[in-house]
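# Analysis of the macromolecular model
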Amino acid sequence: MKQKKISAHKNGTFSNSIGFILACVGSAVGLGNIWMFPYRLGQYGGAAFLIPYLFFILLFGLTGLSAEFGIGRLAQTGTLGAYDLCWKKNKLHKLGKTIGWIPLLGSLGIATGYSIIIGWVLRSLWGSFSGELLNQDSSIYFSQATGDFGSLPWHVIVIFITLIILLTGSTLQIERANKIMMPIFFLLFTFLAIRSWFLPGSIEGYKFLFIPKWDYLLQADTWIMAMGQAFFSLSITGSGMIVYGSYLSKNEDIPNASFRTAFFDTIAALLSALAIMPAVFAFQIEPTRGPSLMFITIPQIFQKMPFGQLFAIFFFLSVTFAGITSLINMFEAVIESLQNRFQLNRKIAVLICGTICLSVGIFLEAEPKVGSFMDFITIIVVPFGAVFGAISIYYALGKYEIEKELNIGRKKNLPLCFGKIARYIYVPLTIIIFILGLIYKGIG
């Protein structure tokens, strides 16, 4: 079912599937892969955790990612336009059109908090270059940036870099940025993982990560955390991946692209585990997760490691790249919708998005404030957006319409069971994830 390649969107299309996949991987690979996955892998059964995790990655990748890519390409526009298309023949059209703003607000909210955290990463990168990070207590260095207006210059620089990439072009520039930053991320993390292998005592880290504790498979929390980790790791937010789908040629096989995106996202998570946890155990530091792992524990490792300054530079440069590629997607979802809904010039839409993000973010720079803000966004707004997206695509639009789009560009049609899996397994699971997130105060 091949079709002639067309440039359907005014912002252009990705030049090929590699550019598209790298952009999607850049969006998906983020802090959750780096500061959450390694700890959860060891905490919930080691290699046994990978069984439910890989199951959910495959399920969510082929149903959730494919759906968001597909509705974007079908609508030939991003979030707001895509939901308008889903609900236009429904009696609840006005309600659906209004609720469609929520996933978009989720993207803007994540970008607002994320830019602050990537500012902390950029500051740590500078501290690695200067040696300041390695010559003092890492907890003190981190605390200096996490008060009110504590990291304003770094925060501004992160937003500025992201906006420059988006101002100087749309699809082509997004593709170019990811083609540079994502290969470097994988290369540097591979190098760090190899270095961790040769550290004395690193074997304990591998035991923590990979010795299977099969009894954990009988515990509900293992499956819940694997499901949450897989879902949020793939950036299924009901917004960001839709806009990338709208820039995708009709020649491309969307389910195949979704599978490859999920595959490389998983490789990134495993690389992070292999780079971090063996080193944590080699230097007999208590394994942790979240900001304390990245900004306190890991710098302590580099302080003790031969050539630690060089490896600190590699690490924080890699995380900076991963953060900015994710920010590009979050911003682009908002920018495209502003362009489409209000017929704005792209540069004006970029500046509006950046101004809102910075204006709100500067008052959230203190760690407790940004933490509370991100909890609200990631526990309530984003999961709700994902649920709304799943229902909009597979029920309001209908499985036949989305399957027809997903079969374009494929040599062989999707199996007949695809629609049933999507409607009766994937969609209910998004609702369950939303509910469990409220109960557990976050599972992703």
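Every value quoted in this text rests on a predicted model; they were computed, and no experiment measured them.

Not every positive phi belongs to a glycine, and Q76 is a case in point at roughly 60°. Note that Q76 resides in the loop between helix 3 (47-75) and helix 4 (79-87). Despite not being glycine, Q284 shows a phi value in the positive range, around 55°.

Bringing the packing of aromatic side chains into the picture now. Throughout the structure, instances matching the rule amount to 35 aromatic pairs. Where F149 meets F363, the ring centres are 6.0 Å apart and the plane angle is 75°; that geometry is what we call edge-to-face. Taken together, the residues F149 in the loop between helix 7 (138-143) and helix 8 (152-167) and F363 in the loop between helix 16 (346-361) and helix 17 (367-407) connect sequence positions 214 residues apart. Assessed through its relative accessible area of 54%, F363 is described here as exposed. With a centroid separation of 5.9 Å and an interplanar angle of 55°, the aromatic rings of F302 and F315 are classed as tilted. Of the two residues, F302 is situated in helix 14 (residues 291-304) and F315 in helix 15 (residues 308-342); the sequence distance between them amounts to 13 residues.

A word on the packing of helix 2 (residues 31-43) against helix 10 (residues 203-210). For any two helices packed against each other, the geometry is given by the interaxial angle and the distance between the axes. The geometry of helix 2 relative to helix 10 is characterised by a closest axis approach of 6 Å and an angle of 75° between their N-to-C directions. Here helix 2 is positioned roughly perpendicular relative to helix 10, judged by the angle of their axes. Residue-level contacts link P38, Y39, L41, G42 and Q43 of helix 2 to F208, L209 and F210 of helix 10.

The final tally for this structure, using the stated rule, is three cavities of 30 Å³ or more. Counted as a void, the largest cavity has a volume near 110 Å³. Looking at the largest cavity, the residues that line it are L192, R195, S196, A275, I276, A279, I298, I301, F302, M305, F311 and F315. Those elements that place two or more of their residues in the lining of the largest cavity are helix 9 (171-197), helix 13 (254-282), helix 14 and helix 15. Class assignment for the residues of the lining of the largest cavity results in ten nonpolar, one polar and one charged. By volume, the second largest cavity amounts to about 60 Å³. Considering the residues around the second largest cavity, the lining is formed by W120, R123, S124, L133, S138, Y141, F142, A145 and F295. Among the secondary structure elements, those contributing two or more residues to the lining of the second largest cavity are helix 6 (101-130) and helix 7. Its residues placed into classes, the lining of the second largest cavity shows six nonpolar, two polar and one charged.

Let's shift gears to the layout of surface pockets. The rolling of a water-molecule-sized probe over the atoms marks out the regions of remaining empty space. There is about 1100 Å³ of room inside the largest pocket. Looking at the lining of the largest pocket, the element that brings in the most residues is helix 17, giving eleven residues. Classifying every residue of the lining of the largest pocket gives 22 nonpolar, 19 polar and five charged. As for the second largest pocket, its lining consists of 14 residues, of which L58, L62, T63, F418 and I421 are closest to the centre. Of all the secondary structure elements, the ones that give two or more residues to the lining of the second largest pocket are helix 3, helix 13 and helix 18 (418-440). The greatest single-element share of the lining of the second largest pocket, amounting to five residues, is contributed by helix 3. Here the residues of the lining of the second largest pocket sort into eleven nonpolar, two polar and one charged.

In this structure the tally under the stated criterion is nine salt bridges. Here K250 makes a salt bridge to E405, at a shortest N to O gap of 2.9 Å. Here E405 lies in helix 17 and K250 lies in the loop between helix 12 (240-246) and helix 13, a separation of 155 residues in the sequence. For K250, a relative accessible area of 12% corresponds to the buried category. The class for E405 is buried, based on a relative accessible area of 3%.

Rules used throughout
- Residues numbered from 1 in each chain as written.
- Predicted model: local features only at pLDDT ≥ 70, side-chain atom pairs only at ≥ 80, totals over all residues.
- Heavy atoms only, no water.
- Helix = DSSP H or I, 4+ residues; strand = E, 2+ residues; numbered from the N terminus.
- Phe/Tyr/Trp six-rings, centres within 6.5 Å; stacked < 30°, edge-to-face > 60°.
- Buried < 20%, exposed > 50% of the residue type's maximum accessible area, 1.4 Å probe, protein only.
- Axes fitted to C-alpha atoms, helices over the stretch in contact; angles between N-to-C directions.
- Parallel < 35°, antiparallel > 145°, perpendicular 65-115°, else oblique.
- Contact = heavy atoms within 4.5 Å.
- 1 Å grid on protein atoms, 1.4 Å probe; cavity = no way out; pocket = protein on both sides within 12 Å on 5 of 7 lines; lining within 4 Å.
- Points joined across faces, edges and corners; volume = space filled by probe spheres on them.
- Nonpolar A, V, L, I, M, F, W, Y, C, P; charged D, E, K, R; others polar.
- Salt bridge = Lys/Arg side-chain N within 4 Å of Asp/Glu carboxyl O.

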